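Listed below are the residues making up each chain.
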Amino acid sequence: MRTFTAAPSVTRAWHRAEARFDSYVSPNARCPVCGALVFFYQSPTGGRVFFDELGPPWPKHPCTDNGVQLRTSYNNGVTSRRPSWISEGWVPLTEVSLGTKHGEWTEFKAKRADSGPPLTGLVPHFAALPSDVPILARRPGAHGLGRLAWLEHDGRPRDEALIAMPLAVVPHLQLELASQSDAAATEEVATLLFASLRDLDDAGWPARIAAADLALLREWLRRAAAAGSCSAARWLEEVGSFPPPAGELIGSPAPSPDDPRLALDTPTYKAYTRDFDEEVGAADLIPISEEGGLKDRLERAAWALLGTENSAFGGDADLHGTLVTLLLDCSGSLRGYPLQCVAALAAVLGDAIVRAGGSLDLLGFTTAAWKGGQSREKWISDGKPRNPGRLNDLRHVIFKGWDEPWEGTIDRLGLLLCESFLKENIDGEALAWAYRRALSAPALRRRMLVVTDGAPVDDSTLSANPGDYLERHLRDVIAAIEEAGHVHLAALGVNRELGALYRSSAVWRTEAGRDGLSLAWHLIVNSK
């Protein structure tokens with residue numbers, strides 16, 4: 001459980017120019033009445049307020065809030081309660097700027113205090129945002145709508161709509177409105193949004209929209225026109241004259257692998273039996289009694305991980321049309337703090353990939369048993385023939401499929417914190433499985449990041465085969481993928497150098513607690 005450093009009873013006021021993530025979650029003062037930790041905010045006009053939380057719904061501290069009975073509890077200088085605004089999807093911001101105006105809307109860009117990817121969007125036009133007040137954003141959801149919340153100079157809370165950018169997200173909003181068959185609302189929003197977006201470019205703007213987004217726009221306009229929008233009917237003719245650019249974002253599946261090294265059984269590698277192998281959804285493996293606790297632990301780990309980043313994480317990367325496969329080693333050798341770091345990294349990195357427009361296939365691999373399972377039992381009952389091949393039951397886990405929404409993924413990633421799940425690692429077959437999935441998905445670009453602590457290990461298999469049996473197969477699979485060129489393959493070594501196995505790799509020293517997210521993001525976004 002996270003604890004925040006005790007704050008002095010008298011301190012200087014809060015300033016966004018100096019703010020970091022801890023500035024929003026670690027109190028900077030004590031209540032002069034009850035001694036509780038609070039956030040002291042002094043507005044530029046001189047007003048002073050004590051808050052219990054520095055974010056929506058901006059709860060004022062009762063002792064100093066007029067008309068509220070004094071609270072006399074004292075917490076001895078330490079609080080471990082997570083602010084409610086975190087659970088509600090708000091993120092604190094530091095550097096905030098307003099850009100070009102487009103009709104009734106203004107371009108907005110902000111740097112996140114949690115080191116996540118910058119937020120960009122459109123906000124209703126207003127004169128300016130106060131320059132030195134706390135400001136948070138609720139990130140736009142699938143419908144494209146988010147919120148901004150801040151304190152005015154007089155200490156009063158305010159919030160406004162935030163519409164996601166890039167433009168690809170906006171049609172989702174209009175589809176929702178049009179589906180309500182409200183002609184007046186549809187026409188009003190269509191006039192504000194669509195006309196403003198058109199002004200962003202010249203008359204040839206539809207040609208610059210990716211095929212997937214153009215298809216959404218056409219569907220949006222058809223529904224809006226059916227709901228009574230005259231503007232939508234007119235714009236449908238304009239957009240309809242632009243065919244989708246050849247080969248654009250939706251893409252198509254890649255050819256099935258024909259390299260013999262990627263076959264299930266090869267001249268140098270085989271499984272004794274595949275009858276007991278599993279491909280299973282993570283939700284089916286989480287003990288019901290641990291569901292809530294695992295998610296809470298993972299969320300705390302994710303926030304802690306974000307707080308360790310030295311360099312900026314994220315950026316203006318656009319992953320539309322890109323399939324990203326995250327393949328996680330779920331072996332017992334990672335048990336404890338390293339795997340907690342891996343789980344947190346998968347949660348934060350996966351969210352960033354989806355928000356950047358990418359398709360995400362989030363997978364894991366382990367075995368169903370220690371030192372062999374039913375496969376080994378069958379081999380023993382068959383008289384232990386020589387050179388049996390792989391002698392354990394594979395367990396390949398899907399945390400989120402590439403065609404599934406992000407919602408619920410955090411819950412499923414909690415499985416990584418369940419120690420009974422972690423067994424042995426047979427990397428070569430897991431990598432070939434993830435590769436086949438990547439080729440089957442429609443995409444323009446495919447990138448795969450393997451997060452692992454080293455070479456494959458399965459005692460049952462290695463005791464009945466040559467000592468390099470599993471590693472030799474892994475090297476063959478890596479070579480086949482890298483030579484084919486359909487998927488850019490990289491690896492993030494958890495406390496282990498992997499340069500001898502993968503062409504593209506980096507090492508993440510989890511005990512140092514620095515820059516794992518930035519390293520992973522670089523391996524994904526900067527791949528060619």
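As shown above, the structure is provided for reference.
No experiment lies behind these values; they were computed from the predicted model shown.

**Overview of the pairing of strand 3 (residues 48-51)**
Two faces make up the sheet, and in a regular strand the side chains alternate between them. Across four bridges, the pairing between strand 2 (residues 37-42) and strand 3 is antiparallel. Residue pairing in the sheet places Y41 in a bridge with V49 of strand 3. Once strand 2 ends, the chain turns through five residues before running back antiparallel as strand 3, passing G46 with a positive phi of about 105°.

**Considering the environment of S26**
Of note, S26 is situated in the loop between helix 1 (21-25) and strand 1 (29-30). Along the chain, S26 and F39 lie 13 residues apart, while their C-alpha atoms are 8.0 Å from each other.

**Considering the sheet that holds strand 1**
If you trace the three strands from one edge of the open sheet to the other, you get 1-2-3, paired in antiparallel fashion. Every other strand in the sheet has two partners, leaving strand 1 and strand 3 as the edge strands with one partner each. Taken together, the two bridges between strand 1 and strand 2 define a ladder with antiparallel strand orientation. Note that in strand 2 the partner of A29 across the bridge is V38.

**A word on the nonpolar core**
In this structure, L328, L349 and L449 are the most contacted members of the largest nonpolar core, which totals 51 residues. Among the elements that line this core, the one with the most residues is helix 8 (residues 337-355), at twelve residues. Ignoring anything within four residues of it in the chain, the contact list for L449 reads T325, L326, L327, L349, A490, A491, L492, A520, L523 and I524.

So, how was this worked out
Residues numbered from 1 in each chain as written. Predicted model: local features only at pLDDT ≥ 70, side-chain atom pairs only at ≥ 80, totals over all residues. Heavy atoms only, no water. Pairing = 2+ DSSP bridges. Helix = DSSP H or I, 4+ residues; strand = E, 2+ residues; numbered from the N terminus. Core = buried A, V, L, I, M, F, W, Y, C linked by side-chain atoms within 4.5 Å. Buried < 20%, exposed > 50% of the residue type's maximum accessible area, 1.4 Å probe, protein only. Contact = heavy atoms within 4.5 Å.

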